[in-house]
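Below are the chains, spelled out letter by letter.
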Amino acid sequence: MKRWMVISATVAFAGNVFAAELYVSPAGNDAATGTKRAPFRTFERARDAIRAMKKDGGLPRGGVTVNFAGGEYVLTNTVVLTPEDSGTPDAPMRYQSGKGEKAVITGARSIMGWRKLTETVTGVTEQAQGRLFIAEVPKGWRFHSFYVNGEGQQVSRWPNNDNWHSWPVYSVYDHHGINVGTNAPLAHLSGNGDAEMFIIPNEWWNILASVRNVNPAKRTLDFETKNPVRPGKWGPAWMPHQYNFMNALCLIDEPGEWCVDTVAGRVFYWPPDGDMNGKTTVAPAPNMYQLVRLEGDRETGPCVQYVNIIGLTFRCADRLEEAKWPDNWVKRNSENPDGAIFMVGVEDCEFSGNTIVDVGACGLTMAYHVKRVKVVGNEIARTGSC
């Protein structure tokens, strides 16, 4: 029988149609051979093995199936599939959970070393005194979601509700500055961009702007965003103009709330039960906005073709702050167009039976030149964009 690769692989066949199988396991080893008994450890290693296979002797008829054993696969970078990773009509590439298994591809990073906050820190509210825990994280790591034992926690905010009709109303003094009124908690609100302002410029749009240049005396602040929808200088009276502040220590005033300080490299959290022993805490890893990216040439080709992703779970990706949105992003209304699974320059692929959950932007984005892609039977929940 012709050998199809420089490493070992299981080869299944029916009649005259051959198909290679590779195996990946959280307990595997990327120095292994990728067989069922000696699986790889990472998604990228399986991808690279297929690349080597193609260079060595070409793809077997029937293609290649990569089987992921159950468990978590923690990404350190986005998995990128390019035209180099394409299959053919007779030899598609298939990445799937093994039979009866639940494989989870996650961008989560653990946060450890929690301790009770005992020192004096400026900005702690009266309600949170003696109740906060603190953990050190790398400086500059700005994440927008935080999970304790797998459950998402509420970022600190003011006001403490989701009913935007009841939020305070701002007034605009120019295109980049807002007067927030007399009751807003500006005394200790950071203007370094960590805090965000959830702005409702009208009933069908919202903005998540980074807060800058807070002036408590004048009751004003600036905001930074590349969102194409902004509060105008002279907004008509019928527009809502409501707002909400998020992610600041001075806003933690209820159990379950948290915030991150990127300058000091600290996370603050008020556990509802007053204890952090035995708890698992994670947040999306730095720059983990896309978990898997299928990227071909959107103008002239080649495209990513005949790659099928079946029955996997994708979890825990972040969103890029609006102030950092690339200038070339095409946005529908004011929504973040990024996605945990991102496709550009893709044809004749399949994404079916997967789960996408707890991501900061869209679950699946098909951006430019995406044709004949089958998307069936996926479950997508708790996303930041629609």
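Described below are features of the structure shown in this document.

Definitions and cut-offs
Residues numbered from 1 in each chain as written. Predicted model: local features only at pLDDT ≥ 70, side-chain atom pairs only at ≥ 80, totals over all residues. Heavy atoms only, no water. Helix = DSSP H or I, 4+ residues; strand = E, 2+ residues; numbered from the N terminus. Buried < 20%, exposed > 50% of the residue type's maximum accessible area, 1.4 Å probe, protein only. Contact = heavy atoms within 4.5 Å. Areas by Shrake-Rupley, 256 points an atom, 1.4 Å probe, with all protein chains shown as cover. Pairing = 2+ DSSP bridges. Expected span 1.5 Å × (residues − 1).

For the chain, the helix and strand inventory stands at one helix and 33 strands. Along the first, second and third principal axes, the C-alpha atoms of the chain reach 80 × 50 × 30 Å. For the chain, with 386 residues in total, the buried portion stands at 52%. Residue pairs in contact within the chain that sit at least 24 positions apart in sequence constitute 72% of those at least 6 positions apart. When the accessible surface of the chain is split by element, carbon and sulfur atoms take 49% of a total near 17,700 Å².

This paragraph deals with the sheet that holds strand β9 (residues 115–116). Strand pairing in a sheet takes place through backbone hydrogen bonds and is either antiparallel or parallel in direction. Taken in spatial order, the five strands make up an open sheet running β9-β10-β22-β21-β13, and their pairing is mixed. The open sheet has two edge strands with one neighbour each: β9 and β13 (154–155). In this sheet, strand β10 (residues 133–136) lies alongside β9 in antiparallel orientation, the contact comprising two bridges. Residue pairing in the sheet places K116 in a bridge with F133 of β10.

Every α-helical turn comprises 3.6 residues, leaving residues that sit three or four positions apart pointing alike. With 14 residues, helix α1 (residues 43–56) should reach 20 Å at 1.5 Å per residue; the first-to-last C-alpha distance of 20 Å fits that figure. Of the residues making up α1, those classed as buried are F43, E44, A46, R47, A49, I50, R51 and M53. Two residues or fewer after α1 comes G58, characterised by a positive phi angle close to 90°.

Next up on the list: the pairing of strand β7 (residues 103–106). Residues A103 and I105 of β7 are buried on one face, and the alternating residues V104 and T106, pointing to the opposite face, are buried as well. Note: strand β4 (residues 71–74) against β7, four bridges, orientation parallel. Directly across from V74, in β7, lies its bridge partner T106. Of the pairings in the sheet, the one linking β7 to strand β27 (residues 313–317) comprises three bridges and is parallel in character.

The phi torsion of most residues other than glycine is negative, and most of the peptide bonds are trans. The peptide bond linking W158 to P159 adopts the cis configuration, its omega dihedral lying at -5°. Mapped onto the elements, P159 comes out in the loop between β14 (157–158) and β15 (171–174). Between G301 and the following residue, P302, the backbone shows a cis peptide bond with an omega angle of 5°. The residue P302 is located in the loop between β24 (292–295) and β25 (304–305) in this model. In this model, N149 sits at a positive phi of 50°, which is unusual for a non-glycine residue. Here N149 lies in the loop between β11 (147–148) and β12 (151–152). Judged by its relative accessible area of 49%, N149 is partly exposed. Even without being glycine, C316 reaches a positive phi, approximately 70°. On the secondary structure map, C316 appears in strand β27. The class of C316 is buried, set by a relative accessible area of 0%.

The next subject is the environment of A283. Within the element layout of this structure, A283 appears in strand β23 (residues 281–284). Looking at A283, the relative accessible area reads 0%, which means it is buried. Measuring from C-alpha to C-alpha, the distance between A283 and I111 comes to 7.3 Å, with 172 residues separating the pair along the chain. Those residues in contact with A283 that lie beyond four places of it in its chain are G107, A108, R109, I111, W141, F143, S145 and C316.

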